Amino acid sequence: MRAIVAAVTIALTVVTWGCSGSTENANPVAPTPTATPTPTATPTPTPTPTPTPTPTPPSGMVTINVVDENGAQSFSPNPATLPAGQMVVWHNIDNTTHRMVLDAGSLDTGNLAPGASSQPMSINAGGGPYHCSIHPSMVGTIVQGASLAR
């Protein structure tokens, strides 16, 4: 019987050694992940905002800018020369509402909000002084010039 016990013991030892005796996978180690380099962002230059241009009046039109409540310096140009046959447009570049009227009462732009322009208007009887009816200290003059026809 000793021979059988010895044979079984040897067999179990060999089987146990064969299954666990290998040190190759005895303590598996997870592979260390390799860090992927993060691409560096190239800074994009901030675009410079383009200012909105003042609308160009059609040919045969004079634009008078309403600048600020500042007496005779409230309008640009002042005085404004308007050749006979041309029309005038007031463009409000101020930050408050204005309303231009000829002193003779023959023209009224209506209220012009900031950034707004009047309708093209013809000036009869040689032009003359005008003012803002909301801010009467704002004064200007339209001078009738020579005709455009040659």
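To be clear, the structure that these remarks concern was listed above.
Quick look at the structure, then.

Thresholds, definitions, all that
Residue indices begin from 1 for each chain and proceed along its sequence in written order. Given that the model is predicted, a residue must reach a pLDDT of at least 70 before its local features are reported, and side-chain atom pairs must reach 80 or more before they are shown or counted; all residues, however, enter totals for whole chains, interfaces and linings. Just so you know, side-chain values use all the structure's heavy atoms and leave hydrogens and water out. What counts as a ring pair is set by centres within 6.5 Å for rings of Phe, Tyr and Trp (its six-membered ring), and what kind of pair is set by the plane angle: stacked under 30 degrees, edge-to-face over 60, tilted for all other angles. Segments assigned H or I by DSSP are reported as helices when at least four residues long, segments assigned E as strands when at least two residues long, and all are numbered from the N terminus. Accessible area is worked out with a 1.4 Å probe on protein chains only. A residue is then buried under 20% of its type maximum, exposed over 50%, and partly exposed in between. Each reported salt bridge corresponds to a side-chain nitrogen of Lys or Arg within 4 Å of a carboxyl oxygen of Asp or Glu. Between any two strands, pairing holds if DSSP finds at least two bridges.

1. Things to note about the packing of aromatic side chains
Under the counting rule described, the total for this entry stands at 2 aromatic pairs. Ring geometry for F75 against Y130: centres 4.9 Å apart, planes inclined by 65°, an arrangement best described as edge-to-face. Separated by 55 residues along the polypeptide, F75 in strand 2 (residues 75-76) and Y130 in strand 7 (residues 127-132) bring together distant segments of the chain. Residue F75 shares its accessibility class with Y130, and that shared class is buried. The interplanar angle of 70° and the centroid separation of 5.3 Å between the aromatic rings of W90 and Y130 together place this pair among those described as edge-to-face.

2. Quick notes on the pattern of salt bridges
Oppositely charged side chains can pair when the atoms bearing their charge come close. Enumeration according to the criterion identifies 1 salt bridge in this entry. Between R99 and D108 there is a salt bridge, with its nearest N and O atoms 2.8 Å apart.

3. Here we look at the sheet that holds strand 4 (residues 87-92)
Within the open sheet, the 4 strands sit side by side as 2-1-4-6. Their pairing is mixed. Every interior strand has two partners, whereas the edge strands, strand 2 and strand 6 (121-122), have only one. Direction of pairing for strand 1 (residues 61-66) relative to strand 4: parallel, over a ladder of 6 bridges. Bridging from a neighbouring strand, V62 pairs with V88 of strand 4.

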